[in-house]
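The residues making up each chain are set out below.
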Amino acid sequence: MFCISRTQSWPPSLDLGTVKETLLYMRDDARAVPGLEKVSAALDEAIREIDVAERRSNLKALPTRFEPVRFLPRGSQ
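Criteria and cut-off values
- Residues numbered from 1 in each chain as written.
- Predicted model: local features only at pLDDT ≥ 70, side-chain atom pairs only at ≥ 80, totals over all residues.
- Heavy atoms only, no water.
- Helix = DSSP H or I, 4+ residues; strand = E, 2+ residues; numbered from the N terminus.
- Buried < 20%, exposed > 50% of the residue type's maximum accessible area, 1.4 Å probe, protein only.
- Contact = heavy atoms within 4.5 Å.
- Areas by Shrake-Rupley, 256 points an atom, 1.4 Å probe, with all protein chains shown as cover.
- Patch = residues over 30% accessible without salt bridge, like charges linked within 9 Å, V, L, I, M, F, W, Y side chains within 5 Å.
- Salt bridge = Lys/Arg side-chain N within 4 Å of Asp/Glu carboxyl O.
- Core = buried A, V, L, I, M, F, W, Y, C linked by side-chain atoms within 4.5 Å.
- Expected span 1.5 Å × (residues − 1).
- Arc of directions from axis to C-beta.

(A) Layout of the overall build of the protein chain. Regarding its fold elements, the protein chain presents two helices and zero strands. Per-residue burial for the protein chain yields a buried fraction of 14% across its 77 residues. Taking contacts inside the protein chain between residues at least 6 apart in sequence as the whole, the part at least 24 apart equals 56%. When the accessible surface of the protein chain is summed, it comes to about 7,100 Å², and 59% of that surface belongs to carbon and sulfur atoms.

Written out as structure tokens, the structure reads:
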């Protein structure tokens, strides 16, 4: 069973833009397959909910936990 840790900050850091982009790809794929109309509609609803959440809060602007990276030429480590 999934349990939310109360020791970490709430709400969790989410990159809603990436979630939305992933759902858009999934929805487009589902639209191309006969019989998956309900799946496509459900993904549309999830995408609309993300849009609403982004408008209501600052979740879209949450900082990421990733550090900036620098790519070095091979062999220069």
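(B) Representation of a nonpolar patch on the surface within the structure. On the surface, a nonpolar cluster with roughly 200 Å² of combined accessible area is contributed by V33, L36 and V39. Within the fold, V39 resides in helix 2 (residues 37-56).

(C) Molecular detail of the nonpolar core. Formed by L16, L23, L43, I47 and I50, the largest nonpolar core amounts to five residues. Sorting the residues of this core by element identifies helix 1 (16-31) and helix 2 as the ones contributing at least two each. Other than its neighbours up to four places away in sequence, I50 contacts L16, V19, K20 and L23.

(D) Seen up close, the side chain of R27. One can find R27 in helix 1. Among residues more than four places away in sequence, those in contact with R27 are S40, L43, D44 and I47.

(E) Inspection of helix 2 at higher detail. Taking 1.5 Å as the rise per residue, helix 2 with 20 residues should run 28 Å; its terminal C-alpha atoms sit 29 Å apart, in good agreement. Taken together, the buried positions of helix 2 are occupied by S40, L43, D44, I47, I50 and E54. Within helix 2, the buried residues cover an arc of 115 degrees as seen down the axis, which keeps them to one side. Facing away from the buried side of helix 2 by more than 90 degrees, the exposed set consists of K38 and R56.

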